[in-house]
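Summary of structural features
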Amino acid sequence: MSKYLIAGNWKMNTNLDEAKKITDSLHSFIGFDSEVEMLICPPFTHLVFLSEIIDLSRISLGAQNVHYEEKGAFTGEISNEMLLSVGCEYVIIGHSERRTLFGETDEMVNKKVMNSLKTGLRVILCIGETLEERESDNTNSVLETQLNKALLGVDTTINLKIAYEPVWAIGTGRTASVEQISETHGFISNYLNNRFGTNTIKKLYGGSMNSENAKEILSIPNVNGDLIGGASLKPENFISIYNSALELC
Ligand code: PEP
């Protein structure tokens, strides 16, 4: 198992040509390293094409969302099976933008997590508090509730990763401090240990990561990788973050 997972969430950015250029640049900079896994999560429309041109032994492919039903009359939705069939290994579930902009509830997140794990996808479950919740000292209880609800009924953790993404740090240029990340990742780690009796579930940090702060954040105990938005669209920044992880191995 790799030591770090460096994941890029491209969100609703790039046309196919731009996506190809980013992917080509990533290929030309990274070799194969079993200690650090690189993952990109482009828009759905690019997955088929990218899975054909990506060397999947060097760069893993993931989706940014999925529906929890297997198939049927769900116009506009994408299933786990569809993702697997185009070479996707990972799926991001419960990103704060899905929760706040698209009304995704903890119950929906739970159904998605359950079904994706059942189908064999690797799940990056996102959790995180708002600024108001942090300032009123409710961070841990908010995270605990999100974890309780999202993981209800989950009994296998092999393919489960958790991304801690403070909502106030996403896309704002404001990163959580080393103390905040350290404290919160420690809390999540204890929760997972108590709940599943294992310390092997990867915990990623996300929120305005960049090439300057990557090494410091990745060296915090219980931080096993990053989920990166903006900086993952710039290959030189994404690779620099990837290299920071390599240096720590
Ligand atoms: C994200 O959307 O998961 C994220 C962390 O975005 P950014 O890196 O741009 O803050």
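Whatever comes next refers back to the structure up there.
Since we're looking at a predicted model, the values are computed, not measured. (Residues numbered from 1 in each chain as written. Predicted model: local features only at pLDDT ≥ 70, side-chain atom pairs only at ≥ 80, totals over all residues. Heavy atoms only, no water.)

So, the sheet that holds strand 1 (residues 4-9)
One closed barrel holds the eight strands; their spatial order is 1-2-3-4-5-6-7-8, and the pairing between them is parallel. Pairs of neighbouring strands in the sheet enclose a mean axial angle of 25°, with direction left out of account. Where helix 7 (residues 139-150) meets the sheet, it contacts strand 5 (122-127) and strand 6 (160-164), and its direction lies at approximately 145° from that of strand 5. Along the sheet face, helix 10 (residues 235-247) touches strand 1, strand 2 (36-41) and strand 8 (225-228) and points at about 155° away from the line of strand 2. (Pairing = 2+ DSSP bridges. Helix = DSSP H or I, 4+ residues; strand = E, 2+ residues; numbered from the N terminus. Axes fitted to C-alpha atoms, helices over the stretch in contact; angles between N-to-C directions. Contact = heavy atoms within 4.5 Å.)

Some thoughts on the packing of helix 5 (residues 106-119) against helix 7
For any two helices packed against each other, one specifies the inter-axial angle together with the distance between the axes. One can describe the packing of helix 5 onto helix 7 by two numbers: an axis separation of 8 Å at closest approach and a directional angle of 50°. One way to sum up the angle between helix 5 and helix 7 is to call them oblique. Here helix 5 contributes Asp106, Glu107, Val109, Asn110 and Val113 to the contact with helix 7, which in turn contributes Gln146, Lys149 and Ala150. (Parallel < 35°, antiparallel > 145°, perpendicular 65-115°, else oblique.)

Some details on the site of the ligand
Taken together, 14 residues lie around the ligand, and Lys11, His95, Glu165, Gly171 and Ser208 are the ones closest in. Contacts to the ligand include Ser208, whose backbone N or O atom sits 2.8 Å from an oxygen atom. Taken by itself the ligand offers 290 Å² of open surface, and the protein chains cover 95% of this. Residues belonging to the shell around the ligand are distributed by class as follows: four nonpolar, eight polar and two charged. (Near = heavy atom within 4 Å. Polar contact = N/O pair within 3.5 Å; in protein donor to acceptor, adjacent residues only side chain to side chain. Areas by Shrake-Rupley, 256 points an atom, 1.4 Å probe, with all protein chains shown as cover. Nonpolar A, V, L, I, M, F, W, Y, C, P; charged D, E, K, R; others polar.)

Things to note about helix 8 (residues 178-196)
Because an α-helix packs 3.6 residues into every turn, residues spaced three or four apart end up facing the same way. Between its first and last C-alpha, helix 8 extends 26 Å over 19 residues, near the 27 Å set by a 1.5 Å rise per residue. All of the buried residues in helix 8 are Ile181, Thr184, His185, Gly186, Phe187, Ile188, Ser189, Tyr191, Leu192 and Phe196. On its buried face, helix 8 is in contact with strand 5, helix 6 (131-135), helix 7, strand 6, strand 7 (202-206) and helix 9 (214-218). Downstream of helix 8 by a residue or two, Gly197 has a phi angle that is positive, lying close to 65°. (Expected span 1.5 Å × (residues − 1). Buried < 20%, exposed > 50% of the residue type's maximum accessible area, 1.4 Å probe, protein only.)

Considerations on the nonpolar core
The biggest cluster of nonpolar side chains holds 60 residues, and the ones touching the most others in it are Leu125 and Leu151. With six residues, helix 8 is the largest single contributor of residues to this core. Excluding its chain neighbours within four sequence positions, the residues that come into contact with Leu151 are Asn110, Val113, Leu125, Leu160, Tyr191, Leu192, Arg195 and Phe196. Listed in part, the eleven residues of the second largest apolar core include Ala7, Leu39, Ile92 and Cys126. (Core = buried A, V, L, I, M, F, W, Y, C linked by side-chain atoms within 4.5 Å.)

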